[in-house]
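Now for the letters of each chain:
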Amino acid sequence: MIIKCMERRKFSRISLNIPAALSFFQLEGCHSGVLTNISEGGCFFPFKGDLPVGEQCSLTIVIGEGIVAETFTISGTIVRSNSKGFGICFNSIDNNQKAFIRKIIVYYDSQ
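Residues numbered from 1 in each chain as written. Predicted model: local features only at pLDDT ≥ 70, side-chain atom pairs only at ≥ 80, totals over all residues. Heavy atoms only, no water.

### Points about the packing of aromatic side chains
According to the stated counting rule, one finds two aromatic pairs in the structure shown. Here the aromatic rings of Phe72 and Phe100 are separated by 4.6 Å at their centres, their planes lie at 20 degrees, and the arrangement is stacked. Of the two residues, Phe72 is situated in strand E5 (residues 70-82) and Phe100 in helix H1 (residues 95-109); the sequence distance between them amounts to 28 residues. Pair check on accessibility: Phe72 and Phe100 agree, each one buried. (Phe/Tyr/Trp six-rings, centres within 6.5 Å; stacked < 30°, edge-to-face > 60°. Helix = DSSP H or I, 4+ residues; strand = E, 2+ residues; numbered from the N terminus. Buried < 20%, exposed > 50% of the residue type's maximum accessible area, 1.4 Å probe, protein only.)

In structure tokens form, the structure reads like this:
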């Protein structure tokens, strides 16, 4: 089942491989993994498991290491779920969150 995200494909996605943690509002637990793509509207989180489309979640991304590491958290909704993972549409994001996502995109798109 796929829920259409208002931001669906409005933004270009870039491929990357950065650590992230996904937690859910209605379910206990946190899953660590990596993001394989991201855009200003959402991302894809590979995961072997089954979660319902429409589930609200929180995604935490850490960029860098040690004392220069930056942590970024954003809420989203699972809009696609299959055997490869979850497509997440970011919920309303503020200007600081947009700037951080753009920073990620510019950095990884230039490599």
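### With respect to the sheet that holds strand E1 (residues 14-24)
Each strand in a sheet pairs with its neighbour through backbone hydrogen bonds, running either in the same direction (parallel) or in the opposite one (antiparallel). Overall, antiparallel pairing links the six strands, which are arranged E1-E2-E3-E6-E5-E4 in a closed barrel. For this sheet the average axis-to-axis angle between neighbouring strands, irrespective of direction, equals 45 degrees. Judged from the six bridges that link them, E5 and strand E6 (residues 85-90) form a sheet pairing that is antiparallel. Residue pairing for E6: Thr77 is matched across the bridge by Cys89. (Pairing = 2+ DSSP bridges. Axes fitted to C-alpha atoms, helices over the stretch in contact; angles between N-to-C directions.)

### Looking at the pattern of salt bridges
Per the stated rule, a full pass over the model turns up two salt bridges. A salt bridge links Glu40 to Arg102, with the shortest nitrogen-to-oxygen separation between them at 3.3 Å. Pair noted here: Glu40 is in the loop between strand E2 (30-38) and strand E3 (42-46) and Arg102 is in helix H1, with a separation of 62 residues, a long-range link. Under the relative-accessibility criterion, Arg102 is labelled partly exposed at 41%. With its nearest N and O atoms 2.6 Å apart, the salt bridge here joins Glu70 to Lys103. One end of the pair, Glu70, is in strand E5; the other, Lys103, is in helix H1, with 33 residues separating them in the sequence. (Salt bridge = Lys/Arg side-chain N within 4 Å of Asp/Glu carboxyl O.)

### What about the state of the cysteines?
Scanning all chains against the criterion turns up zero disulfides. No disulfide involves Cys57; its nearest neighbouring cysteine sulfur is the one of Cys43, lying 7.5 Å away. (Disulfide = S-S within 2.5 Å.)

### So, the nonpolar core
Membership of the largest hydrophobic core comes to 27 residues, with the highest contact counts inside it found for Leu35, Ile38, Phe45, Leu59 and Ile61. Those elements giving two or more residues to this core turn out to be E1, E2, E3, strand E4 (56-63), E5, E6 and H1. For Leu35, the contacting residues outside a window of four places in its chain are Leu16, Asn17, Ile18, Ala20, Cys43, Phe44, Phe45, Leu59 and Ile61. (Core = buried A, V, L, I, M, F, W, Y, C linked by side-chain atoms within 4.5 Å. Contact = heavy atoms within 4.5 Å.)

### Concerning the pairing of E1
Inspection of the sheet shows E1 paired to E2 by eight bridges, in the antiparallel sense. Across the sheet, Pro19 pairs through a bridge with Val34, a residue of E2.

### Some remarks on the environment of Ser39
Mapping Ser39 onto the fold places it in the loop between E2 and E3. Considering only alpha carbons, one finds Ser39 and Ile14, 25 residues apart in sequence, at a separation of 6.6 Å.

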